[in-house]
Amino acid sequence: MHGIIDCSCVVDNKLILANACCCMHPCSVRSPRLSRAGQLVVSLLKYNAGGRSKHTAFRVIKAMGVDPQVKDFLAKQNHSTISYDALTPEEARSTAVKLLKATKGFDVRTVLDTKTTGPRKVPIRWYIPEDTSNAAAPVIVYFHGGGWVTGDLDVFDALCRALVHHSRAHVMSVGYSLAPEHKFPEGLEDAYAATLWASEHAADFGADPSCIAVAGDSAGGNFSAAVSILARDRSGPKLSLQILLYPVTDYESDQTGHSESFKQNKEGYYLTAGKMGWYWKQYLRDPVQGKDPRVSVLHANDLTKLPPAVVVTAEFDVLRDQGKAYADKLKAAGVSVQYKCYPGQIHSFMGFAVTQYSTDVGLQALAEVGQQVREHYSSKQTD
């Protein structure tokens, strides 16, 4: 990534200016690294000043980073007067409903609302694709985002329809229990129970019970990763794919703020450090639960024998580095991983793709994930 820098120094009370290109880390506009040309400009200024320079500095005056389609949204968000310290869960949910109001729709053949049976009666919404000619159509069990606190079947309806459209798979959206009324591990256990139910009833909807995937965004991505581990450890159901969209994978990283993405993006890019702190307080009964591998999947001792993974992150997201770290750890454990960090994007950019805040890249990402699902199951059928 490149930008233009304004370089200056003060010599004998006179300001000397110059500008040059700067090279920046691919996922940072806040920590620019000077290109050789930029370094040369700074060196020449210091040399010509004969050691008399003071306050030599440079700053980015034109950074080619955030997607222009995202900037208007961020401007509105950054002028918001909402304080998460004083926010109630009900207010947060109301805000999410307004923010994620759908403006783009995708047709599906059938939508069925019901509840799972068994000890946990979890609300679910089952989507059947328009093309039902494929008798071996997979099922994607989808867990919505929202910091474990906000979101529901209606808020994420348009996103699930888009996923059905692009993947040509069945999608079962899960209305898991929300915090703080239902703290960890209640929502996660709902997610696991719903996944088990989907595998047992897929054939009833005309789908293939041997092709069960889990997917989710943000907190839902956290559930997808955790359910994949639980399914392995509890001997079922057998999962064939996990799709993690800008997932939460590490409580400690959010608390310490030591990752580069957290330092770079903790303010001004929609999902802030303050919001993450608020979500964690709602979700966990005690901070010590943050160390539980069902919460911080990045610190799970064993990631072997897990389903192949599709991991998506966004450049301007506090969660970017922990998503990448989890993808890397899965690879190291022998799991097949397709990873992509989308440049210029913020947290939830794929969810916003079906709203008034849509970006071309967000729509592209939805299409690409759908294609990855199709290709995965296409290759599975030919094995």
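Computed from a predicted model, the values in this text were never measured in an experiment. (Residues numbered from 1 in each chain as written. Predicted model: local features only at pLDDT ≥ 70, side-chain atom pairs only at ≥ 80, totals over all residues. Heavy atoms only, no water.)

Draft legend 1. Expanded view of the overall build of the protein chain. Helix and strand counts for the protein chain come out as 12 helices and 12 strands. Residues classed as buried in the protein chain amount to 55% of the 383 residues present. The long-range fraction of contacts in the protein chain, counting pairs at least 24 apart against all pairs at least 6 apart in sequence, stands at 75%. (Helix = DSSP H or I, 4+ residues; strand = E, 2+ residues; numbered from the N terminus. Buried < 20%, exposed > 50% of the residue type's maximum accessible area, 1.4 Å probe, protein only. Contact = heavy atoms within 4.5 Å.)

Draft legend 2. Expanded view of the packing of aromatic side chains. Tallying each qualifying case throughout the model produces 19 aromatic pairs. With 5.5 Å between their ring centres and 65 degrees between their planes, W278 and Y279 make a pair best called edge-to-face. Look at W278 and you get buried, because its relative accessible area is 6%. Take Y279: its relative accessible area is 10%, and that puts it in the buried class. Members of the aromatic cluster, each reached through a chain of ring pairs, are F143, W148, Y176, F184, F223, Y251, W280 and Y283. Sitting over the face of the ring of Y339, K324 holds its NZ or CZ atom 5.7 Å from the ring centroid. (Phe/Tyr/Trp six-rings, centres within 6.5 Å; stacked < 30°, edge-to-face > 60°. Lys NZ or Arg CZ within 6 Å of the ring centre and 35° of its normal.)

Draft legend 3. Spatial organisation of the sheet that holds strand β6 (residues 123–128). Across the sheet, which stays open at both edges, the 8 strands sit in the order β5-β6-β8-β7-β9-β10-β11-β12 with mixed pairing between neighbours. The open sheet has two edge strands, β5 (110–115) and β12 (337–346), and neither has a second partner. Averaged over all neighbouring strand pairs, the angle between strand axes comes to 20 degrees, with direction disregarded. Pairing of strand β7 (residues 139–143) with strand β9 (residues 212–217), which is carried by 5 bridges, proceeds in the parallel orientation. Across the sheet, the residue bridging to V139 is I212, located in β9. (Pairing = 2+ DSSP bridges. Axes fitted to C-alpha atoms, helices over the stretch in contact; angles between N-to-C directions.)

Draft legend 4. Region of interest: the pattern of salt bridges. Enumeration over the complete set of coordinates arrives at 15 salt bridges. Notably, a salt bridge pairs R120 with D190, separated by 2.7 Å at the nearest N-O pair. Residue R120 is found in the loop between β5 and β6, and its partner D190 is found in helix α5 (residues 186–201); the two are separated by 70 residues along the sequence. Of the residues examined, R120 reaches a relative accessible area of 26% and is grouped as partly exposed. Since its relative accessible area comes to 5%, D190 is described here as buried. Among the salt bridges present, the one from R125 reaches D157, with a minimum N-O distance of 3.3 Å. Taken together, the residues span a long stretch of sequence, with R125 in strand β6 and D157 in helix α4 (residues 157–167) at a distance of 32 residues. With respect to burial, R125 and D157 carry one shared label: buried. Members of the salt-bridge network, linked through shared partners, are D113, R125, D154, D157 and R161. (Salt bridge = Lys/Arg side-chain N within 4 Å of Asp/Glu carboxyl O.)

Draft legend 5. Quick peek at the environment of M276. Tracing the backbone shows M276 in helix α9 (residues 273–283). Looking at M276, the relative accessible area reads 3%, which means it is buried. Between the C-alpha atoms of M276 and Y251, which are 25 residues apart in sequence, the distance is 9.6 Å.

Draft legend 6. How the structure looks around the side chain of N265. Topologically, N265 is positioned in helix α8 (residues 260–265). A distance of 3.4 Å separates a polar side-chain atom of N265 from the backbone oxygen of E315. Not counting chain neighbours up to four residues away, the residues in contact with N265 comprise L271, E315, F316, D317, V318 and R320. (Polar contact = N/O pair within 3.5 Å; in protein donor to acceptor, adjacent residues only side chain to side chain.)

Draft legend 7. Examining the nonpolar core more closely. Membership of the largest hydrophobic core comes to 112 residues, with the highest contact counts inside it found for W126 and Y326. Of all the elements, helix α6 (residues 219–233) adds the most residues to this core, at 8 residues. Ignoring anything within four residues of it in the chain, the contact list for Y326 reads A225, I229, L244, T249, V297, L298, L303 and L306. (Core = buried A, V, L, I, M, F, W, Y, C linked by side-chain atoms within 4.5 Å.)

Draft legend 8. The confidence of the model for the protein chain, seen in detail. Residues with a pLDDT of 70 or more make up 81% of the protein chain, whose mean pLDDT is 86. Across the protein chain, the secondary-structure element scoring lowest on mean pLDDT is strand β2 (residues 14–24), at 41, and the one scoring highest is β7, at 99. Across residues 1–26 the pLDDT falls below 50, and counting only partners more than four positions away or on other chains, this stretch makes 101 contacts in the model. Contacts of residues 52–63 to residues separated by more than four positions or lying in other chains number 41 contacts, the stretch itself having pLDDT below 50. (pLDDT = per-residue confidence, 0-100.)

Draft legend 9. A look at the pairing of strand β10 (residues 241–245). Burial runs high along β10: 5 of the 5 residues are buried. Residue alternation in β10 divides its side chains into two sets, L241, I243 and L245 and Q242 and L244, and both sets are buried. Looking at chain direction, β9 and β10 are connected through 5 bridges and run parallel. Counted as the bridge partner of G216 is L244 from β10. Where β10 lies against strand β11 (residues 309–316), 4 bridges are found, and the strand directions are parallel.

Draft legend 10. Summary view of α9. Buried within α9 we find K275, M276, W278, Y279, W280, Q282 and Y283. Check the buried side of α9 and you find it contacts α2 (68–78), α3 (89–99), α5, α6 and α7 (251–256).

Draft legend 11. Here's a closer look at α3. By the burial criterion, the buried members of α3 are P89, A92, R93, A96 and L99. Along α3, the residues classed as buried sweep out an arc of 125 degrees about the axis, all on the same side. (Arc of directions from axis to C-beta.)

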